[in-house]
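Summary of the model geometry
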Amino acid sequence: MTAYRLGQGGRIDRSRTLGFTFDGTALSGHPGDTLASALLANNRLLVGRSFKYHRPRGVVAAGAAEPNALVTVGSAGRREPNSRATMVELHDGLRAESQNRWPSLNWDVGALNGFLSPFLSAGFYYKTFMWPASFWEKLYEPFIRRAAGLGRASYHADPDRYEKVWAHCDLLVVGAGPTGLAAALTAGRAGAEVILADEASEPGGSLLFDSASVDGQPAGQFATQILAELATLPNVRLMTRTTVFGWFDDMVFGAAERVSRHVSQPLPGQPQERLWRIVAKRAILATGAEQRPLVFPGNDRPGVMLADAAVSYARRFGVGVGRKVAVFANSDAGARTAASLQAAGINVVALVDARVGHPAAVTVPRIFSGGVVSGTSGSRALGAITVRHAGGEDRFEADALAMAGGYSPRIHLACHRGGKPRWSDAHQAFLAPEGLAGLTLAGSAAGARTLGECLSQGAAEAAAVVADLGHTGTAAQFGAVDGDVPEGSVRALWHVPGGKAFVDFQNDVTVKDLGLAVREGFSDVELAKRYTTTGMATDQGKLSNVNAIGILAEARGVSPAEVGTTTFRPFYTPVSFGALTGSSTGHHFQPVRRSPLHGWAEKHNAVFVETGLWVRSSWFPRQGETHWRQSVDREVKTVREAAGLCDVSTLGKIEIFGADAAEFLNRVYCNAFAKLPVGKARYGLMLREDGMIYDDGTTSRLDENHFFMTTTTALAAGVMNHLEFCAQTLWPDLDVRMASSTDQWAQMAIAGPLSRAILQVIVDEDLSDENVPFLAAKTVSLFGGQLEGRLYRISFSGELAYELGVPAGFGEAVADALMEAGEPHGICAYGAEALGVLRIEKGHVTHAEINGTVTAEDLGFGRMVSQKKVDFIGKHMLEREGLVDAERPRLVGVKPLNPEQSFRTGAHILAKGAEATLENDQGYVTSSAFSPHVGSTIGLALVTRGPDRHGEEVVIWNALAGETVPGVLCDPNFVDPSNEKLHA
Amino acid sequence: MASLIRCPHCGARPKEEFTIRGAAVTRPQPDAGEDAWYAYVYLRDNPMGPFDEYWHHTSGCRRWLVVSRDTRTHETYGVRDAAAVAGESRS
Ligand SMILES: [Zn+2]
């Protein structure tokens, strides 16, 4: 094969030259070229190696269906493997590399697989790599992965931006070929909102290379004229480089727009790609038809390509695919191809028509009626072909072979919502399911065979749609089509017997493989697909599936209708992860929530930690502290001895109003809330319906019909959803309304024996124990009436403590004032780590203990669960056998016998002397910390009969960390068990 | 599954705005007995065909809805406010 740039013709801009490299070699092309057309123009025929046998492969198609010419383009973060060279637009500086070859494309060691092909037949992977199982990880998988060397992804971060957009329209037209243009024009003229999407860089579809003319104008010029009129219609949006990849429920279509893939880096302000979700009232599929390859011995040699591709390269790109081109067809498409190529000045040496008795209307040196190509030869590219015919065999030179095996309408989108394609004997193809709501097909996608039919069908379908939507308009009329050659009768020719004939080029599936699948019992189309891997490559069998079905049908002696197709699913062609991810990358992956006291914490040198969406202050290192434990120990001691201020704004906060708010709370908490007095806070325990604890927090009654609930940070959103569910679906008759106010309040804990004195500096009301006793909750005046806040006397640390809530915007100023007031008392800022130590020392639980498997009884809250209430969430499952089992793991404290030893959360508890077996497991440590107060590591644990075993020696066992520590179970309240400090 | 849900309060909105809880089962009366409660908490049908589910318009009006859909055809043939549905079943 000797491909070359024709002296004239094509839609390329010959006045400009673009430089690019392929495997490091500098080459050139023109604007308007694809990488594939530019490679052909440079006579680069070998573009890749096949997947399994590493056979040399060349360009087969001119569009999205290309199975062979997969290349890696770009470099570093913009490296894009498995790009179809037929869809890559040439641009200056483009870098492309071939794939699946080592060490080079011309000399590839993997090609030895070709000699091993008898062992690599269908089912090879299943048969060979079955056993021994232990070989998988070390031997088989690495081997398969290395051999399966299609493109490799980049390890660099993608530097580009991607975005997601919604669009709405009356009519979505998919495909801007003749059918789509006629449809868009009709609907556009009628005033409908139209989106016309096409995957190519230039709209026009087959008009860009069709040799027919419309109303005396060449097809390309006709397309230009329609596009010019569409451009004047503001209600028509043309989207090029946009692949509609899926049809989803409710007439939502997914589309990927390659905004900047045709240039080396995105234009200013533009993303690399844009993912569209298009909501259309109606849609017309004008996606055209895919020409099928013919399956004959040696059909994968570079130089063998689809007939329409050969014509497209000649007429659209000004490239001759060979100096001696042969044509092989099973319909009149053969003569049409020969004539089109000749008209472009290309030397056609033979026409092989598989049919008998269809005289060709072209003059070609060799015409074989009733002949088939039975072999090809040539070292790395086609050099000669052998034709078998009634008179014997002829072998002659040919450096390119254009094959036309019939057309398969592109019906993929029409089948995405579950409809099954139906076989048409008349078309020798599968057509779309009938009766699709909202979506119709027109033109070649619906089986039309001539340009005239496409134009009139597109216009007629659009006219019907716009009428249905209440617009008035008529189908666009076009002048007579001249030179329209219909395909004529098609001879079913699923394969030519002989040597190795490929059905699926990308996955190297041959006729023989399919035959083997049938013989071994995998003749069902879904099984045959998986057994042979036909249609499972990145092209999803666009060229191979129907041929494979035809071959299976022949082997089984049935019609393709009986074999049926495999399932069509989105995506039509591969969509980049970048487009699917959109802008949700890096810092934009999820929102960042900062507390209103974030700035205050920063001023105090906080070390922050991400917990969920929140950025929380973890600890506050001071000068000289080099280890986090130094800071945390100091903070804990300061709180126990003086006072500390901690940001607790991340707790969920919910305002609850209504005449039935108290009754509502009584039903969502397991403990009593109906009689909570105004001005009081109460610890509340929320259960799930299965009886396990869901969440905890304090809820205060600020007014008769106004409660303020706090939740844990983690379940703030979950509790809100849960309360809304209860209020709206379970008890809609209750008068209760709620709103989240988590972000409205800056909330700070002021804890420690000196906290009252410090707080009194800014609070106007008297804070004495009589006036603000433990669990008081009230609105207070601050700074001599300048501000109102909400004060709660509650404690997580076990110390005299308060929580003060102020409007978020005042948070930092109030915290500053408290730190200033506390300075003489030695106040410190303390973070989430110290908070954790303080609560473990006091035996207070968090979601480390409330882990979805614990009941109120397990955590020592058994007495809180109301026995009087008729109903509350979780009440009715509590009495189940497993939930009242005396052997259940329950909350207990644990510490090491030797204070020098420590243990970690997750360690298991074994009875002293017991062997470490599953049967002997008695529970596990849920929380642990070094306690400055106790002077050793302490922990909270869920242990069988834990509360009854205080003082018992156990083993704290952690095989993962290699730690076995003798310990003792104890009261989980390590500090001030009589709560004197709390009530001070 | 549906791509767009017609919230009775907000109109057609993308399904990503909603949270699906599951079958719209009715909570038993407090004295319904162990079996009824066990069924309510644990037992669910997985019908092929019409199915009523609780959906929460989490990123919208924050109302709980009963979405009626056909699991076979993906057709959504009714979206009602759950409080209204609860009211109907009570009266
Ligand atoms: Zn809504």
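Being a predicted model, the structure only gives us computed values, none of them experimental. (Residues numbered from 1 in each chain as written. Chains lettered and ligands numbered in written order. Predicted model: local features only at pLDDT ≥ 70, side-chain atom pairs only at ≥ 80, totals over all residues. Heavy atoms only, no water.)

Looking at the overall build of chain A
To be explicit about the condition: Under the scheme used here, helices are H or I runs from DSSP no shorter than 4 residues and strands are E runs no shorter than 2 residues, and both carry numbers assigned from the N terminus. Throughout, radius of gyration means the C-alpha value; the globule benchmark is 2.2 Å times the number of residues raised to the power 0.38. Residue burial is assigned from relative accessible area. The probe radius is 1.4 Å, only protein chains are included, and a residue is buried under 20% of its type maximum, exposed over 50%, and partly exposed in between. Contact criterion: two residues are considered in contact whenever any of their non-hydrogen atoms come within 4.5 Å of each other. Under this rule, positive means Lys or Arg and negative means Asp or Glu; His and the chain ends count for nothing. Think of each charge as sitting on NZ of Lys, CZ of Arg, CG of Asp or CD of Glu.
Helix and strand counts for chain A stand at 20 helices and 53 strands. Taken against the 2.2 N^0.38 rule, which gives 30 Å for 984 residues, the C-alpha radius of gyration of chain A at 38 Å runs more than 25% over that of a compact globule. With respect to the principal axes defined by its C-alpha atoms, chain A has extents near 115 × 70 × 55 Å. When the 984 residues of chain A are sorted by exposure, 57% land in the buried category. Across chain A, every contact between residues at least 6 apart in sequence was considered, and the portion connecting residues at least 24 apart equals 66%. Between the mean site of the 92 positive side-chain charges and the mean site of the 105 negative ones, chain A shows a separation of 6 Å.

What about the overall build of chain B?
Formally: Reported accessibility uses the Shrake-Rupley method at a 1.4 Å probe radius. Residues are deemed covered only where the shown protein chains occlude them.
A count of helices and strands for chain B gives two helices and six strands. Along its sequence from the N terminus, chain B presents helices and strands in the succession β-β-β-α-β-β-β-α. Overall size of chain B, expressed as C-alpha extent along the three principal axes, is 40 × 25 × 25 Å. Counting over 91 residues, chain B shows a buried share of 40%. Entry remark: accessible area of chain B is about 5200 Å², with carbon and sulfur atoms responsible for 49%. Of the charged side chains in chain B, 12 are positive and 12 negative, and the gap between their average positions amounts to 6 Å.

Considering the UniProt feature "domain: GCVT N-terminal" (unreviewed entry) in chain A
Quick reminder of the rule: UniProt positions are given in the numbering used here, feature names are shortened, and annotations may be inferred rather than shown by experiment.
Those places that UniProt annotates as "domain: GCVT N-terminal" (unreviewed entry) correspond, in this numbering, to residues 597-869 of chain A. The span residues 597-869 of chain A is 27% helical and 29% strand by assignment, and the distance between its end C-alpha atoms comes to 40 Å.

Looking at the coordination of the zinc ion
Residue and element names in this part refer to chain B. The criterion, for reference: Atoms are scored as donors when they are N, O or S and lie within 2.8 Å of the metal, with 3.2 Å used for Na, K and Ca; no water is included, so coordination may look incomplete. In these descriptions, tetrahedral denotes four donors with every angle between 85 and 135 degrees, square planar four donors and octahedral six donors with opposite donors over 155 degrees apart and the rest between 65 and 115, and irregular any other case.
The zinc ion binds to the protein through Cys7 (SG), Cys10 (SG), His57 (ND1) and Cys61 (SG); the donor distances cover 2.1 to 2.3 Å. Viewed at the metal, the four donor atoms of the zinc ion are separated by angles of 107 to 114°, and the geometry they form is tetrahedral. As a motif over one chain, the donors of the zinc ion read C-x2-C-x46-H-x3-C. Of the two residues, Cys10 sits in the loop between strand S1 (4-7) and strand S2 (11-14) while Cys61 sits in the loop between strand S4 (50-56) and strand S5 (64-70), which places them 51 residues apart along the sequence. Note on Cys10: relative accessible area 35%, which makes it partly exposed. Look at Cys61 and you get partly exposed, because its relative accessible area is 27%.

So, the packing of helix H4 (residues 178-189) of chain A against helix H8 (residues 451-468) of chain A
Relative placement of two packed helices is described by the angle separating their axes and the distance separating the axes. All names here are of chain A. Worth spelling out the cut-off: Lines fitted to C-alpha atoms define the axes here, with helix axes fitted over just the stretch in contact, and angles between the N-to-C directions of these axes take values from 0 to 180 degrees. When the near helix sits turned anticlockwise from the far one by under a right angle, the crossing is termed left-handed; a clockwise turn instead gives a right-handed crossing. Amino acids outside the nonpolar list (Ala, Val, Leu, Ile, Met, Phe, Trp, Tyr, Cys, Pro) and the charged list (Asp, Glu, Lys, Arg) are all regarded as polar, and Gly is one of them.
Where H4 contacts H8, the two axes come as close as 7 Å, and the packing angle between them is 35°. Relative to H8, the crossing made by H4 is right-handed. Here H4 contributes Pro178, Thr179, Ala182, Ala183, Thr186 and Ala187 to the contact with H8, which in turn contributes Leu451, Cys454, Leu455, Gly458, Ala459, Ala462, Ala463 and Val466. For the contact of H4 with H8, a count of residues per class yields eleven nonpolar, three polar and no charged.

A look at the pattern of salt bridges
For the record, the criterion: One side-chain nitrogen of Lys or Arg within 4 Å of one carboxyl oxygen of Asp or Glu is enough to make a salt bridge.
By the definition in use, this model includes 52 salt bridges over all chains. Three or more residues joined by partner-sharing salt bridges are found here, namely Arg55, Arg57, Asp300 and Asp508 of chain A.

What to know about the packing of aromatic side chains
In this description, a pair of aromatic rings is defined by centroid distance and the angle of the planes. Residue and element names in this part refer to chain A. Condition: Only the six-membered ring of Trp is used, alongside the rings of Phe and Tyr, when aromatic pairs are assigned; centres must lie within 6.5 Å, and planes under 30 degrees apart are stacked while those over 60 apart are edge-to-face, with the rest tilted. Look at NZ for Lys and CZ for Arg. If either is within 6 Å of the ring centre and within 35 degrees of the ring normal, a charge sits over the ring.
For the structure on display, the rule yields 21 aromatic pairs over all chains. Taken together, a centroid distance of 5.5 Å and an interplanar angle of 85° make the contact between Phe222 and Phe478 edge-to-face. With a gap of 256 residues between them, Phe222 in helix H5 (residues 219-231) and Phe478 in the loop between H8 and strand S31 (481-482) connect regions that are remote in the sequence. Accessibility expressed as a relative area gives 4% for Phe222, which makes it buried. The structure contains a cluster of three or more aromatic residues connected by ring pairs, namely Phe245, Phe248 and Phe571. Above the face of the Tyr53 ring, Lys500 is positioned so that its terminal group lies 4.2 Å from the ring centre.

Some words on helix H7 (residues 333-343) of chain A
Residues and elements named next belong to chain A. Every buried residue of H7 is listed here: Ala333, Gly334, Ala335, Thr337, Ala338, Ser340 and Leu341. The inward-facing, buried residues of H7 abut helix H6 (307-315), strand S20 (325-329), strand S21 (348-353) and strand S26 (400-404). Immediately beyond the C-terminal end of H7, within one or two residues, lies Gly345, with a positive phi of roughly 90°.

What about the nonpolar core?
Residue and element names in this part refer to chain A. So the rule is basically this: Here, the term nonpolar core denotes a set of buried Ala, Val, Leu, Ile, Met, Phe, Trp, Tyr and Cys residues that are joined through side-chain atoms within 4.5 Å. Domain ranges listed in this record stem from an automatic or a database domain assignment.
Of all hydrophobic cores here, the largest spans 83 residues; its most connected members are Leu35, Phe296, Tyr313, Phe328, Leu341, Ile385 and Leu401. Each of domain 1 (4-110) and domain 3 (501-564) gives at least three residues to this core. Ignoring sequence-local partners within four residues, the contact set of Ile385 consists of Ala326, Val373, Gly375, Thr376, Asp394, Arg395, Phe396, Ala398 and Leu401. Met239, Val295, Ile551 and Val563 belong to the second largest nonpolar core, which has 46 residues in total.

Comments concerning the interface of chain B and chain A
Cut-off, in case you're wondering: Buried surface area refers to the total accessible area, computed with a probe of radius 1.4 Å, that the two partners give up upon joining, counted for both partners together. What qualifies as a polar contact is a pair of N or O atoms within 3.5 Å, subject to a donor-acceptor requirement within protein and to the restriction that residues adjacent in sequence count only when both atoms come from side chains.
Facing the 25 residues of chain B at the interface are 26 residues of chain A. For the chain B and chain A pair, buried surface summed over both sides reaches about 2300 Å², with 54% attributable to carbon and sulfur atoms. Summed over the shared surface of chain B and chain A, the number is four salt bridges. A salt bridge links Arg27 of chain B to Glu689 of chain A, with the nearest nitrogen and oxygen atoms 2.4 Å apart. Summed over the shared surface of chain B and chain A, the number is 16 residue pairs in polar contact (both at pLDDT 80 or more). Secondary structure elements with two or more residues in the side of chain B that touches chain A: helix H1 (34-42), S4 and helix H2 (82-90) of chain B.

Concerning the sheet that holds strand S23 (residues 372-377) of chain A
Residues and elements named next belong to chain A. We count it as follows: Each pair of strands is called paired provided DSSP finds at least two bridges between the two strands.
Taken in spatial order, the three strands line up as S23-S24-S25 in an open sheet, and their pairing is antiparallel. The sheet is open, and its two edges are formed by S23 and strand S25 (392-397), each paired on a single side. Between one strand axis and the next, the sheet turns by 25° as a mean value, whatever way the strands run.

Focus on the state of the cysteines
The line we're drawing: Count a disulfide wherever a pair of cysteine sulfur atoms falls within 2.5 Å.
With the rule as written, the count across this model stands at zero disulfides over all chains. The thiol of Cys415 of chain A is unpaired, and the distance to the nearest cysteine sulfur, on Cys454 of chain A, comes to 19 Å.

Section: the sheet that holds strand S44 (residues 777-782) of chain A
Residue and element names in this part refer to chain A. A sheet is described by the order of its strands in space; here six strands give the open sequence S44-S45-S46-S43-S37-S47, paired in mixed fashion. What marks the edges here is a single partner per strand, and that holds for S44 and strand S47 (828-829). Pairing between strand S37 (residues 644-647) and S47: two bridges, direction parallel. For Gly644, the partnering residue across the bridge sits in S47 and is Cys828. Against the sheet, helix H19 (residues 811-822) contacts S37, strand S43 (745-751), strand S45 (787-792), strand S46 (801-807) and S47, and its axis sits at roughly 15° relative to S43.

Description of the UniProt feature "domain: FAD/NAD(P)-binding" (unreviewed entry) in chain A
This chain's UniProt record puts "domain: FAD/NAD(P)-binding" (unreviewed entry) on residues 170-355 of chain A. Summarising residues 170-355 of chain A: 24% helix, 33% strand, and an end-to-end C-alpha distance of 45 Å.

Regarding helix H17 (residues 716-730) of chain A
Stated formally: Any helix carries an expected span of 1.5 Å times its number of residues minus one.
Between its first and last C-alpha, H17 of chain A extends 20 Å over 15 residues, near the 21 Å set by a 1.5 Å rise per residue. Most of H17 of chain A sits inside the fold, with 13 of its 15 residues counted as buried.

Focus on the domain arrangement of chain A
Residue and element names in this part refer to chain A. As far as domains go, chain A holds domain 1 (4-110), domain 2 (162-289 + 409-482) and domain 3 (501-564). Computed over C-alpha atoms, the centres of domain 1 and domain 3 are 29 Å apart. On the domain 3 side, the residues contacting the 15 residues of domain 1 number nine residues. Interface of domain 1 and domain 3: buried area, both sides summed, is about 1000 Å²; carbon and sulfur atoms make up 59% of it. For the interface between domain 1 and domain 3, the tally reads one salt bridge. The shortest N-O distance in the salt bridge between Arg57 and Asp508 comes to 2.8 Å. Joining domain 1 to domain 3, the criterion identifies five residue pairs in polar contact (both at pLDDT 80 or more). Taken together, the residues of the side of domain 1 that touches domain 3 break down into seven nonpolar, four polar and four charged.

Description of a nonpolar patch on the surface
All names here are of chain A. Put simply, the test is: A residue counts toward a patch only above 30% relative accessible area and without a salt bridge, and it is joined to like-charged neighbours within 9 Å or, for Val, Leu, Ile, Met, Phe, Trp and Tyr, to nonpolar neighbours within 5 Å.
Together, Phe571, Phe577 and Leu580 line one region of the surface with nonpolar side chains, adding up to about 310 Å² of accessible area. Residue placement: Leu580 occurs in helix H13 (residues 577-581). Residue classification places Leu580 among the partly exposed positions, given a relative accessible area of 30%.

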